[in-house]
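Residue-level listing of the chains:
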Amino acid sequence: MYEPLCCERVEVELGSYLEDTLPRRLHLRVESHLAACPDCWSEVQHLRLTVTCLAEIPRRPMPAPLKNSLLRAVRSAAPTTPGERLTSVIPADPVH
Ligand SMILES: [Zn+2]
């Protein structure tokens, strides 16, 4: 049989579980945990409700002035040179 999953591991996998993209064996392990754990089961119900609600929100195109303003802000904040890109992903004070 399957080794039981802890709540923390199930929580990590819930998004993929709901999208039905987990490997079959892991999907079954999550399902088995959900059947026995009211806390995780409740979390899944909340996530399902959230996904349903978000899907019902009509999509509207972003107004052009807002889109242009947002793009300008992102471009001005984004690193432009390879050195800047590297320092943006490497912590200033790396832990060894
Ligand atoms: Zn749980």
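Residues numbered from 1 in each chain as written. Predicted model: local features only at pLDDT ≥ 70, side-chain atom pairs only at ≥ 80, totals over all residues.

Student: Got a minute to help me understand the overall build of the chain in this structure?
Tutor: A count of helices and strands for the chain gives 5 helices and 0 strands. Considering the chain as a whole, with its 96 residues, one finds that 7% of them fall into the buried category. For the chain, contacts bridging at least 24 residues in sequence account for 55% of all contacts bridging at least 6. (Helix = DSSP H or I, 4+ residues; strand = E, 2+ residues; numbered from the N terminus. Buried ≥ 20, exposed ≤ 12 C-beta atoms within 10 Å, placed from the backbone. Contact = placed C-beta atoms within 7 Å.)

Student: What should I look at first to understand helix α3 (residues 38–56) in this one?
Tutor: A turn of α-helix holds 3.6 residues, and therefore any two residues three or four places apart point the same way. Taking 1.5 Å per residue as the helical rise, α3 with its 19 residues ought to reach 27 Å, and the 27 Å between its terminal C-alpha atoms agrees with that figure. In terms of residue burial, α3 counts as a barely covered element, since only 1 of its 19 residues are buried. (Expected span 1.5 Å × (residues − 1).)

Student: Could you clarify how one ought to interpret the nonpolar core in this entry?
Tutor: Counting 5 residues, the largest nonpolar core is built from Val10, Tyr17, Val30, Leu34 and Cys40. Listed by contribution, the elements that provide at least two residues to this core are α1 (7–18) and α2 (24–36). Residue contacts for tyrosine 17: discarding those within four places in its chain leaves Leu22, His27 and Val30. (Core = buried A, V, L, I, M, F, W, Y, C linked by C-beta atoms within 7 Å.)

Student: I would appreciate a short explanation of the packing of α1 against α2 in the present structure.
Tutor: Where α1 contacts α2, the two axes come as close as 10 Å, and the packing angle between them is 115 degrees. The two elements α1 and α2 meet at a crossing, and its hand is left-handed. Across the interface between the two elements, Val10, Glu13 and Tyr17 from α1 touch Leu26, His27, Val30 and His33 from α2. For the contact of α1 with α2, a count of residues per class yields 4 nonpolar, 2 polar and 1 charged. (Axes fitted to C-alpha atoms, helices over the stretch in contact; angles between N-to-C directions. Left-handed = near helix turned anticlockwise from the far one by under 90°. Nonpolar A, V, L, I, M, F, W, Y, C, P; charged D, E, K, R; others polar.)

Student: Sorry if this is basic, but what is going on with the packing of α1 against α3 here?
Tutor: Packed helices, taken two at a time, are described by the angle their axes make and the gap between the axes. Where α1 contacts α3, the axes come no closer than 11 Å and their chain directions differ by 30 degrees. Looking at the two axes, α1 sits roughly parallel to α3. In this structure, the crossing between α1 and α3 has a hand that is right-handed. Note on element contacts: α3 touches α1 through Asp39, Cys40, Glu43, Val44, Leu47, Arg48 and Val51, opposite Cys7, Val10, Glu11, Leu14 and Leu18. (Parallel < 35°, antiparallel > 145°, perpendicular 65-115°, else oblique.)

Student: Before we go on, may I ask you to explain unusual backbone geometry in this structure?
Tutor: The bulk of non-glycine residues show a negative phi, and the bulk of peptide bonds are trans. Positive phi, normally seen in glycine, also occurs at aspartate 20, with a value near 60 degrees. Looking at the secondary structure, you find aspartate 20 in the loop between α1 and α2.

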